Structure formats: structure tokens, C-alpha cells
Amino acid sequence: MTNPLLAPWTTPFGLPPFARIADDDYAPAVDQALADARAAIKTITDTADAPSFANTIEALEMSDALLGHVLGAFYSVSGADATLAREALMREFSPKLAAFGSEVTMNAALFARIETLWQNRDSLDLTDEQARVLLLTRRSFVRSGALLEGADRDRLAAVQQRLATLGTQFTQNLLADERDWFMALAEADLDGLPDFVRAGARAAGAERGQSGPVITLSRSLIVPFLQFSPRRDLRRKAFEAWVARGANGGDTDNRAIATEILALRAERATLLGYDSFAAYKLETEMAETPEAVRDLLMAVWTPARAMAEADAQVLTGMLHGDGINGDLEPWDWRYYAEKRRKAEHDLDEAELKPYLQLDRMIDAAFACATRLFGLSFAPVDAPLYHADCRAWEVSRDGRHIALFVGDYFARPTKRSGAWCSAMRSQQKLEGDIRPIVVNVCNFAKPEAGQPALLSYDDARTLFHEFGHALHQMLSDVTYQSISGTSVARDFVELPSQLYEHWLEVPDVLEEFATHAETGAPMPRDMLDRLLAAKNFGQGFATVEYVASALVDLGFHETAAPDDIMARQTEILDGLGMPRAITMRHATPHFAHVFAGDGYSSGYYSYMWSEVMDADAFAAFDEAGDAFDPDTARALEANILSVGGSEDPKALYTRFRGRLPGVEALLKGRGLATVEG
Ligand SMILES: [Zn+2]
């Protein structure tokens, strides 16, 4: 029998034929697709014709078409329905795919053709989009070491390999520290904790074979414990263990590993001809340079620190009011901040929840897209990978735009978090290919017959992921490598974070936040309280985040330090870090930066995107209408439809007439008023 992944797909919308695919089909299909891709690349390098954009770059774009199909299907199921068998397949595929990737970028004959095109680029009569694809293709080869020869080439390979090993070790040490530590509690120690924390502590105790409740280092348990426990001694013990992760001495200590990682990264940057690792990393980002990142972070740091210091005084007053002398400590902050939040903005989740029905919030996300971009959504019955998935055909003026799949409920085989992926990306090189886009969330599944209800954070997540989906669905470019969300890391969160703003438009909540039983709209006073509570605690949140981002940047901007912890202290002292706030992620457990390369000298990018989304939404405010048609058209024309076809600074400038400023972000976070 033929492998259904390899036979032509005759399913509606060109979906993978999930009903006929067995797990055993994936590995042979991946092998076949890799063989096809290798053959296609050999055809490129074997041709006697002089290199042209068509016979080299376009041929390379199309070389892994089958691999894209097969992996599009596989990654959908392996992320959202990861059985043990599929996890084993992931472990099998990742080294194979990595090996294939480096085989391509180290293919000297292929690179020689690309380099010839690059040198002659001005005489090739390329469209702007083609010129961009050529630039990005060549750059990714160069950044992988294609220009290196001999000993340098070997050394780079050795450095990469060592970095991969160290990254894995860093993660595993962290997991070991998190797994091993717990604090046993007596029943009386649960006093003052809300039901969900008591239940969590009991469940954690049972999981660890203890007779009573325990607090572990899991963020979802320790943070609420620090918020609610009136026992200062226990808060301190838990907090100190939490911030010591990866720095407990012995086999699982990450400090020497982090030092070695920084040294190897600096060496890699030097081999590739960059001044520093930060310069290497930021070359492909919208920020472009370490200086631009520092300027942004400092513009936010100064007012955030001022607000945090003012908050610290209020909280210290509350501490003294409890009869405790001395300073506010890091293990006190969350506890007193929670008391203050409750006094100033009491918002009962249980009271709010019936107004936030999943189906109504999906309708709200769609309705905003209809008003902004003229899109229509019609539910369709399509064969998908899980019974909980739903699909809609997206169209505009009768023209098919995309298939949108929503996979909203948590299940044990789904990894945590929420994400947007494309089972198929938009492109025109191989025909007018429209995308298949999936939003995956982890909302609690209701009992049969009950409506699914969301928290406000859940509703925001739904809008966020739908913003990524629009970036994929409205894409209108020729080449897949730059389509949809294939943009710089510090640009990719712009459409998603921007879309969250429409959830906060009072019209939208008034229409779609209706009570699950009575159908009544959310009372105005609840709506006001909900929107007012949003900025509470922003001084603290901004300081702990920006401190981490500035340490990340500082580490990668200069020569690697001999003593990484001393360097961390030096950077924080230089900033005037408030004494009762610690970094959101201290170095020995800063997995974003040390577990892999993804966010190294890139932790700033969340804030960078937030600056842009606040500034971009302000364009609608300035037009006096959250659904202003001209502004929506400009957003689609310059950002949502063009993927990575141009430099992000140019795209943003075309949308807004200028680059983003931090003012809208400071205002949005409630920080504007404290700037000294
Ligand atoms: Zn996102």
C-alpha cells in the first residue's frame, strides 16, 4: 500500500489525509522527502547552465516542497497530540533534519552559485521581493559559516557542537533542581491560602509520595504561594530555593556552563567576523544593533524603576503595619502587592468568567477581522487530526483566503502554552497556494453540554494567536521563505500583540461578553474595573523583565566574563536595581538565553514588539476609530500581507510614517506619569 503522506492529497482544502495516516507512515515519508530534497539540490549544482535566479534560488525554494508537506502534517500532531510514539519520532527526526540543514549550508557548489548571483545582483533585473530573497538566502549561508575555510570551518563546527551539548545540559540541570526540591507543609501552614493553591499543594504532595501538602518550584504553585501565604518564614524559604535553581553547587550547577557558553558564543562571532555575539545576533533583527536595544530598554527602565521604588514605599508601609520592622524583602513583595491589589481593584474571577464564553470570544475575534479586513468565516466540516479541532473557511468578496483551524482545549498529549502554526504557508511560486493555519490553545474543556468559559487572560491569548493567524492568512507574496510570519523575531509579535488591543475595545466586550446563562451583556462597572486593573503592578513586572533583558544584552555585548555571577552583579548595580526585586530569570536558570540560541541577546524582543504594538494601535486612536478603514488598509498593505519581503523598519515606516516611539507603551503600562 502506498504511504498516504506520499500519494497526492485529494482531501478538502488540500489538508493532510489525517484519517488515513498511521504514525508508522511518518518516518519513511520523512526519509523519502529528504532524499527528494537532496536530489533537487544535486540537480541545481549539477546543471551546466550559468546560475540564474530561477535555476538556483527558486529551485532551492522548491527543493523541500515534499518535506514541508510531510512536516506540516507531523508537527501539527506532534505538538497538539504528542503520544509517546510521536515523541520518539520527534527525537528521531531532529538530528536528521539538523544534519540536512548543515549539509545544505555547507554545500560549497551550491553556495558558489548563490555567491555568483549575489555579486551580479544589480544586473539580474530582480523584483524587490526577489532581491530580498537572494539577500536572506545568502545571509543565512554566510551566518552558518559558508565563507569559512580549513581550520576555521572545523573550529566553527566544533564550537556549534559543544554549544548544543551545553545547552541541553543547562536545561537538564535546571529540570533536576526543579524536580528535586520541595517544602513540606503542615495543614496549619495552609492558612490564608486560596482553595486552588491548597489543592495544588496537596496534588503536588501526592505526586511526590508525601503524606501532606508540599510547595514545589513550579511557577504555577510557588508564585501564588508567595502571593498569598502570610507566613514570612515559609515565603523566605521557598523564595530562596526558587532563585537558587541552577546554582546549588554539585553536579547540577549551571554557573560554569553559562560561562563556557558565553565564551564559545563570543568565539563563534569572532570566527564569523562580528565584533560581538550581540552584533552577530542582532544583524537579522529589526533592532539591528546592541545600541538600539539598549536605548529602548533604558527608555523603559527609568520610569519603570521610579514606579517600582514608589510602590516599594507603599508596600514597606504595609509591612511595618503588620508589626514587622526592617526592610521590604524580595519574598515580601508579591504578598503585599496582592493585598494592595485586592484593596484597590477587587475583581472576582468567578464573577467575570460566565461573561467570557469561548464561542462568543471566537465570534468576537472573527467580527473584528470582518470589520477591519472584510473577511468572512464559514464553519466547514473538514477531516482534522483530533475530534476537538474545528475549521472555518475564510473568504473575502467570494474569494478563498485560507482555511482556519482552531484547536482550543487542553489534553494530556498537548504541550503547554498556545501557538499558531501553518500546516501550509501562502506562496505563488508553485501555483496560487493559500494557507492552512492552526491556532492551538490550552483552555479547560467543559463538561458535556456546558459552555466553555475563559479567564480574561485566556481571551487575550485567543486574540493574540488569532493575530498571528491573520499574519499568515492575509499573506500575499511569491516566495514561501518570506511568507506570513517568516519575519525577524523582534517583529513577529507585532500582529499578535496588536490584535489583543481589539479585545479591550469597549464596543467589542459589550457586544460579545454576554452571560452564559442569562445572555445579559457584561455590566458597565465590571467592564471598567476589568480595564482599570490591567496596569496594576507594572512597575514590578517591567523592572524584573527589563533587568533580565539588560543582563542578557550586557553578557553578549563584550568579551566573555571570567566570573559570570560577578558580571551579573556589576550590571545590576550599575542599573540601581531596587533591593526587593530580583531578575525575572537570574543567570543560572535563564533558560531563554542559555538552553539554546533562540533568545540569546534577544530577550528584549518581547518589549520591542510591545513598543510597536502600542504605537501601531495608537494609529487607530489617532484616527478616532478602533476600526478606521484607512488605517486597517494600511496595516494590511504594509505589514500583514507582505511577510518578510522587506526590511521591517521600512515596512513599519510605510505603515506609520515613522519608526515606533516608546510613548504609547509607557502610557499603556501606566508608566508615563512617573517619568522624572
Ligand atoms: Zn505570539
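Just so we're clear, the structure is a prediction, and the values are computed from it rather than from any experiment.

J.: Break down the pattern of salt bridges for me, citing the residues and quoting the values.
T.: One pass over the full model with this rule turns up 54 salt bridges. Of the charged contacts, one joins Arg-162 and Glu-260 as a salt bridge, the two residues approaching to 2.8 Å between their closest N and O atoms. Here Arg-162, found in helix α7 (residues 150-180), pairs with Glu-260, found in helix α11 (residues 255-271); they are 98 residues apart in sequence, far enough to count as distant. The class for Arg-162 is partly exposed, based on a relative accessible area of 35%. We classify Glu-260 as partly exposed; its relative accessible area is 30%. One salt bridge in this structure joins Arg-231 and Asp-233, with 3.0 Å as the shortest N-O distance. Accessibility expressed as a relative area gives 33% for Arg-231, which makes it partly exposed.

J.: Would you mind going over the coordination of the zinc ion in detail, with residue names and values included?
T.: Around the zinc ion, the protein contributes the donor atoms His-464 (NE2), His-468 (NE2) and Glu-493 (OE), which lie 2.1 Å from the metal centre. Here the donor residues of the zinc ion are spaced in sequence according to H-x3-H-x24-E. Of this pair, His-464 sits in helix α17 (residues 456-473) while Glu-493 sits in helix α18 (residues 493-503), placing them 29 residues apart in sequence. When its relative accessible area of 13% is taken as the criterion, His-464 is described as buried. Judged by its relative accessible area of 18%, Glu-493 falls in the buried class.

J.: Can you break down the sheet that holds strand β4 (residues 390-396) residue by residue, with the values?
T.: Strand order across the open sheet formed by five strands is β3-β4-β5-β7-β6, with mixed pairing between neighbours. On the outer flanks of this sheet lie β3 (376-380) and β6 (419-424), each paired with one strand and no other. Sheet twist, expressed as the average angle between the axes of neighbouring strands with direction ignored, equals 30°. When β4 meets strand β5 (residues 399-409), the two strands line up antiparallel, connected through seven bridges. Bridge pairing in β5 places Ser-395 opposite His-400. The sheet strands contacting helix α3 (residues 65-80) are β5, β6 and β7 (436-443), and the helix crosses β6 at an angle near 150°. Seen against the sheet, α17 touches β3, β4, β5, β6 and β7 and runs at an angle of roughly 170° to β7.

J.: Residue-level account of the packing of helix α13 (residues 290-321) against helix α24 (residues 605-623), with values.
T.: For the pair α13 and α24, the least separation of the axes is 10 Å and the interaxial angle reads 70°. With respect to each other, α13 and α24 are oriented roughly perpendicular. Residues Ala-292, Leu-296, Leu-297 and Val-300 of α13 touch α24, and the partners they reach there are Met-607, Trp-608 and Val-611.

J.: Which residues make up empty space enclosed by the protein, and what values go with them?
T.: Taken as a whole and assessed by the stated rule, the structure comprises four cavities of 30 Å³ or more. Elements that contribute at least two residues to the lining of the largest cavity include exactly α17, α18 and α25 (629-640). No other element matches α18, which puts four residues into the lining of the largest cavity. Considered class by class, the residues forming the lining of the largest cavity number eight nonpolar, one polar and no charged.

J.: Requested: an account of unusual backbone geometry, with residues and values cited.
T.: Despite not being glycine, Asp-125 has its phi angle at roughly 60°, a positive value. One non-glycine residue, Ser-601, lies in the positive phi region at around 45°. Relative to the helices and strands, Ser-601 is located in the loop between α23 (591-594) and α24. With relative accessibility at 2%, the residue Ser-601 sits in the buried group.

J.: An account of the domain arrangement of the protein is requested, with residue identities and associated values reported.
T.: One can read the domain layout of the protein as domain 1 (12-145), domain 2 (181-245), domain 3 (255-345 + 537-603) and domain 4 (352-469 + 479-534). Taken over C-alpha atoms, the centre of domain 2 sits 34 Å from the centre of domain 4.

J.: Please provide a residue-by-residue account of the pairing of β5, values included.
T.: By the criterion of burial, β5 is predominantly enclosed, with nine of the eleven residues buried. Hairpin connection from β4 to β5: two residues lie between these consecutive antiparallel strands, with Asp-397 at a positive phi of about 50°. Across six bridges, the pairing between β5 and β7 is parallel. From the neighbouring strand, Val-405 faces β7, where its bridge partner is Val-438.

J.: Give me the lowdown on the packing of helix α9 (residues 219-228) against helix α14 (residues 330-344), citing residues and values where you can.
T.: Following both chains from N to C, one finds α9 and α14 inclined at 65°, their axes separated by 6 Å at the closest point. By the criterion of interaxial angle, the relationship of α9 to α14 is roughly perpendicular. Between α9 and α14 the crossing geometry is right-handed. Of the residues in α14, those touching α9 at Val-223, Leu-226, Gln-227 and Phe-228 are Arg-334, Tyr-335 and Glu-338. Each residue belonging to the contact of α9 with α14 can be placed in one class, and the counts come to four nonpolar, one polar and two charged.

J.: So, the nonpolar core: which residues are in play, and what are the values?
T.: Of all hydrophobic cores here, the largest spans 132 residues; its most connected members are Trp-333, Phe-466, Met-473, Tyr-499, Trp-502 and Phe-594. Here the element with the most residues in this core is α13; it accounts for eleven residues. Built from parts of two domains, this core gets at least three residues from each of domain 3 (255-345 + 537-603) and domain 4 (352-469 + 479-534). Excluding its chain neighbours within four sequence positions, the residues that come into contact with Phe-594 are Gly-167, Phe-170, Ala-258, Ile-261, Leu-262, Arg-265, Phe-555, Ile-564 and Thr-587.

J.: Give a detailed account of the side chain of Lys-281, specifying residues and quantitative values.
T.: Within the secondary structure, Lys-281 is located in helix α12 (residues 277-282). Here Lys-281 is buried and forms no salt bridge, its nearest opposite-charge partner Asp-597 lying at an N-O distance of 5.2 Å. Polar contacts involving the side chain of Lys-281 include one to the main-chain carbonyl oxygen of Asp-597, which spans 2.6 Å. Not counting the four nearest positions on each side in its chain, Lys-281 is found in contact with Arg-143, Asp-597, Gly-598, Ser-600 and Ser-601.

J.: How would you summarise α18 if you had to cite specific residues and measurements?
T.: Judged by how many residues are buried, α18 sits mostly within the fold: eleven of eleven residues are covered. The complete set of buried residues in α18 reads Glu-493, Leu-494, Pro-495, Ser-496, Gln-497, Leu-498, Tyr-499, Glu-500, His-501, Trp-502 and Leu-503. Buried residues in α18 make contact with α16 (358-373), α17, α19 (506-512), α24, α25 and α26 (648-656).

J.: Outline the side chain of Glu-465, supporting the account with residue identities and numerical values.
T.: Tracing the chain through its elements places Glu-465 in helix α17. Judged by relative accessible area, which is 5%, Glu-465 ranks as buried. Apart from residues lying up to four places away in sequence, Glu-465 is in contact with Ala-418, Trp-419, Cys-420 and Asn-439.

J.: Just give me the short version of the packing of aromatic side chains, but keep the residues and values in it.
T.: This model, assessed by the stated rule, comprises 36 aromatic pairs. Ring centres of Phe-239 and Trp-331 lie 6.3 Å apart, and the angle between their planes is 55°; this geometry places the pair in the tilted category. Within this pair, whereas Phe-239 is found in helix α10 (residues 232-243), its partner Trp-331 is found in helix α14, the two being separated by 92 residues in sequence. The exposure classification of Phe-239 matches that of Trp-331, with both residues buried. For the pair Phe-404 and Phe-466, a centre-to-centre distance of 5.2 Å together with 90° between the ring planes defines the contact as edge-to-face. Of the two residues, Phe-404 sits in strand β5 while Phe-466 sits in helix α17, which places them 62 residues apart along the sequence. Members of the aromatic cluster, connected to one another through ring pairs, are Phe-366, Phe-377, Trp-392, Phe-404, Phe-463, Phe-466, Tyr-499, Trp-502, Phe-617 and Phe-620.

The rules we used
- Residues numbered from 1 in each chain as written.
- Predicted model: local features only at pLDDT ≥ 70, side-chain atom pairs only at ≥ 80, totals over all residues.
- Heavy atoms only, no water.
- Salt bridge = Lys/Arg side-chain N within 4 Å of Asp/Glu carboxyl O.
- Helix = DSSP H or I, 4+ residues; strand = E, 2+ residues; numbered from the N terminus.
- Buried < 20%, exposed > 50% of the residue type's maximum accessible area, 1.4 Å probe, protein only.
- Donors = N, O, S within 2.8 Å, 3.2 Å for Na, K, Ca; no water.
- Pairing = 2+ DSSP bridges.
- Axes fitted to C-alpha atoms, helices over the stretch in contact; angles between N-to-C directions.
- Contact = heavy atoms within 4.5 Å.
- Parallel < 35°, antiparallel > 145°, perpendicular 65-115°, else oblique.
- 1 Å grid on protein atoms, 1.4 Å probe; cavity = no way out; pocket = protein on both sides within 12 Å on 5 of 7 lines; lining within 4 Å.
- Points joined across faces, edges and corners; volume = space filled by probe spheres on them.
- Nonpolar A, V, L, I, M, F, W, Y, C, P; charged D, E, K, R; others polar.
- Domains from an automatic or database assignment.
- Left-handed = near helix turned anticlockwise from the far one by under 90°.
- Core = buried A, V, L, I, M, F, W, Y, C linked by side-chain atoms within 4.5 Å.
- Lys, Arg positive; Asp, Glu negative; His and termini not counted.
- Polar contact = N/O pair within 3.5 Å; in protein donor to acceptor, adjacent residues only side chain to side chain.
- Phe/Tyr/Trp six-rings, centres within 6.5 Å; stacked < 30°, edge-to-face > 60°.

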